[in-house]
Amino acid sequence: MSNTKKPLPAGLALETLAVRAGMDRTQHKEHSEALYLTSSFTFDSAEQAAARFSGEEEGNVYARFTNPSVTLFEERLAALEGAEDCIATASGMAAINAMIMANLSAGDHIVASSSMFGSTIQLLGNILPRFGIETTFVPLTDTAAWAAAVRPNTKLLFCETPSNPLTEVGDIRALAAIAHQHTVLLAVDNCFCTPILQRPMDLGADIVVHSATKYLDGQGRVLGGAVCASKAIVEKIFIFLRTTGPTLSAFNAWVLGKGLETLSIRIQAQSASARALAQWLESHPSVERVYYPGLPSHPQHALAMEQQRAGGAIVSFEVKGGKDAAWRVVNSCQLLSITANLGDTRTTITHPATTTHGRISPEARAAAGIHDNLLRVAVGLESVDDIRQDLERGLAISS
Ligand SMILES: *Cc1c(COP(=O)(O)O)cnc(C)c1O
């Protein structure tokens, strides 16, 4: 929302935008981005204060509204997603909630994928109904079910692709066509791919939401979120956020802005390692099945390769022998971090059935295909040989 920046040349690649977009130097001409740790801003006169408050004059007023460090991160991410505008939030969940609250009202309806992040399911399924917003959940890959679930009061289609932990791939173009046929918005949670591997707006999505906590930071340091959309949609979300308060801190924004600079090389290296790991796992005698969109064995491989630049850094697999065998692999790891988080430089391993998806009933879990022998690995930046060796410790015992 600053207008003093030198415009960049047109047609720059994502790698260039990631390190150049949004830069706005102070009078000191610093090379790295300044960090604006200030809660409020001063005015030259009573007249200017009045003009800033009325909106007659653009500029910073109070950090719950705007802050230059936050603006830089927003402009850089908007450039990467190919979005007209972007607004940052305190976390990924704050982004999802703000996106819904700003665009929907009591009496409205959402169609959402049944394979969404746990807290998203909780928000849509248990919290929003208390405020009169109902959600119908449909299988991500069943495009006909999405079309059939649309009602006259539907205002939003919402998905996450690839999904967690089974890496199912939704057809963004097909969902956008359904949405626009009914004058409904399509929102995509682009957390797993990031704009480097997938740009949902190029495929017809109206809104992209992010948990910046994951790959955008990529180093496990801060919480953050963002919504990318048209100026008109972002303006509505801005009014909701500045009024209700879950805005991004300047410090976190500064960290996230630096995170974006290395996003491209990180996610491509992690994705390449994930592909190598998935191939190895697929040929391992102790492994029953591998879920990775970059493998030809994946049910939506062709679609994934059409709408993604690579398979991504998340690999899930089923170990022969059930829960005990899966836990043995986890407990044999000397290098991989046992944590439910993902999108870090350090590889993480999770047993979804007893952690991220542990509160779902065993029947619902089975219906969702999350079996007790499933493990999810979020590949980091270690040598893939070392990751392989760490998993082999437990897999060798399992076979
Ligand atoms: C983590 C995550 C979120 C929530 O983000 P927070 O920053 O933890 O609030 C939303 N969607 C997906 C896909 C996630 O992985």
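### Digging into the sheet that holds strand β6 (residues 207–211)
Strand-to-strand pairing in sheets goes through backbone hydrogen bonds, with the strands running parallel or antiparallel.
Argument step 1. Pairing is mixed across the open sheet formed by 7 strands, whose spatial order is β1-β7-β6-β5-β4-β2-β3. Here the strands that pair on one side only, and so sit at the sheet edges, are β1 (85–89) and β3 (134–138). Each strand of the sheet is rotated relative to its neighbour by a mean of 20°, with strand direction disregarded.
Argument step 2. Strand direction decides the pairing type here: strand β2 (residues 109–113) and β3, joined by 5 bridges, are parallel. What sits directly across from H109, in β3, is E134.
Argument step 3. Taken strand by strand, helix α5 (residues 118–127) contacts β2, β3 and β4 (154–160), and its axis lies near 130° from that of β3.
Argument step 4. Across the sheet, helix α9 (residues 231–244) touches β1, β5 (185–189), β6 and β7 (225–229), and the angle it forms with β1 is around 25°.

### With respect to the pairing of β7
Argument step 1. Summarising burial for β7: 5 of the 5 residues are buried, a large majority.
Argument step 2. The alternating pattern of β7 places G225, V227 and A229 on one face and A226 and C228 on the opposite face, and all of these are buried.
Argument step 3. In this sheet, β7 lies alongside β6 in antiparallel orientation, the contact comprising 4 bridges. The partner of S211 across the bridge, within β7, is G225.

### Observations concerning the packing of helix α4 (residues 92–103) against α5
Argument step 1. Orientation of α4 relative to α5, taken along the N-to-C sense of each, is 30°, at an axis distance of 10 Å. Of the possible angle classes, the one that applies to α4 and α5 is roughly parallel. In terms of crossing hand, the pair formed by α4 and α5 is right-handed. Counting all contacts with α4, which are made through M93, I96, N97 and I100, the residues of α5 involved are S119, T120, L123 and L124.
Argument step 2. In terms of residue class, the contact of α4 with α5 is made up of 5 nonpolar, 3 polar and no charged.

### Some points on the site of the ligand
Argument step 1. As a structural note, the neighbourhood of the ligand is formed by S91, G92, M93, I96, F117, E160, D189, C191, S211, T213, K214 and G224.
Argument step 2. Here T213 contributes a side-chain N or O atom positioned 2.6 Å from an oxygen atom of the ligand.
Argument step 3. Contact distances for the ligand include 2.6 Å between an oxygen atom and a side-chain N or O atom of K214.
Argument step 4. Taken by itself the ligand offers 380 Å² of open surface, and the protein chains cover 92% of this.
Argument step 5. For the shell around the ligand, the element with the most residues is α4, which contributes 3 residues.

### Thoughts on a positive patch on the surface
Argument step 1. A surface patch of positive charge is lined by K6, R20, R25 and K29.
Argument step 2. Along the chain, K6 turns up in the segment before α1 (14–20).

### Here we look at the environment of K236
Argument step 1. Tracing the backbone shows K236 in helix α9.
Argument step 2. Taking the C-alpha atoms as reference points, K236 and M99, 137 residues apart in sequence, are found 8.8 Å from one another.
Argument step 3. With sequence-adjacent residues up to four places away left out, K236 is seen in contact with A102 and N103.

### Some details on the domain arrangement of the chain
Argument step 1. Domain annotation of the chain identifies domain 1 (14–261) and domain 2 (264–398).
Argument step 2. Relative placement of domain 1 and domain 2: their C-alpha centres are 27 Å apart.
Argument step 3. In this assembly, 30 residues from domain 1 lie in contact with 34 residues from domain 2.
Argument step 4. Each partner contributes to the roughly 2,700 Å² buried at the junction of domain 1 and domain 2, and carbon and sulfur atoms together form 57% of this total.
Argument step 5. For the domain 1 face of the interface with domain 2, the top three residues by lost area are L166, L197 and Y215, together amounting to 27%.
Argument step 6. Counting across the domain 1 and domain 2 interface gives 2 salt bridges.
Argument step 7. E306 is the partner of R173 in a salt bridge, and the nearest nitrogen-oxygen pair spans 3.3 Å.
Argument step 8. If one sorts the elements of the side of domain 1 that touches domain 2 by residue count, helix α8 (residues 194–197) sits on top with 3 residues.
Argument step 9. Classifying every residue of the side of domain 1 that touches domain 2 gives 13 nonpolar, 11 polar and 6 charged.

Each value, and the rule that gives it
- Residues numbered from 1 in each chain as written.
- Predicted model: local features only at pLDDT ≥ 70, side-chain atom pairs only at ≥ 80, totals over all residues.
- Heavy atoms only, no water.
- Pairing = 2+ DSSP bridges.
- Helix = DSSP H or I, 4+ residues; strand = E, 2+ residues; numbered from the N terminus.
- Axes fitted to C-alpha atoms, helices over the stretch in contact; angles between N-to-C directions.
- Contact = heavy atoms within 4.5 Å.
- Buried < 20%, exposed > 50% of the residue type's maximum accessible area, 1.4 Å probe, protein only.
- Parallel < 35°, antiparallel > 145°, perpendicular 65-115°, else oblique.
- Left-handed = near helix turned anticlockwise from the far one by under 90°.
- Nonpolar A, V, L, I, M, F, W, Y, C, P; charged D, E, K, R; others polar.
- Near = heavy atom within 4 Å.
- Polar contact = N/O pair within 3.5 Å; in protein donor to acceptor, adjacent residues only side chain to side chain.
- Areas by Shrake-Rupley, 256 points an atom, 1.4 Å probe, with all protein chains shown as cover.
- Patch = residues over 30% accessible without salt bridge, like charges linked within 9 Å, V, L, I, M, F, W, Y side chains within 5 Å.
- Salt bridge = Lys/Arg side-chain N within 4 Å of Asp/Glu carboxyl O.
- Lys, Arg positive; Asp, Glu negative; His and termini not counted.
- Charge placed at Lys NZ, Arg CZ, Asp CG, Glu CD.
- Domains from an automatic or database assignment.
- Buried area = accessible area lost by both parts, 1.4 Å probe.

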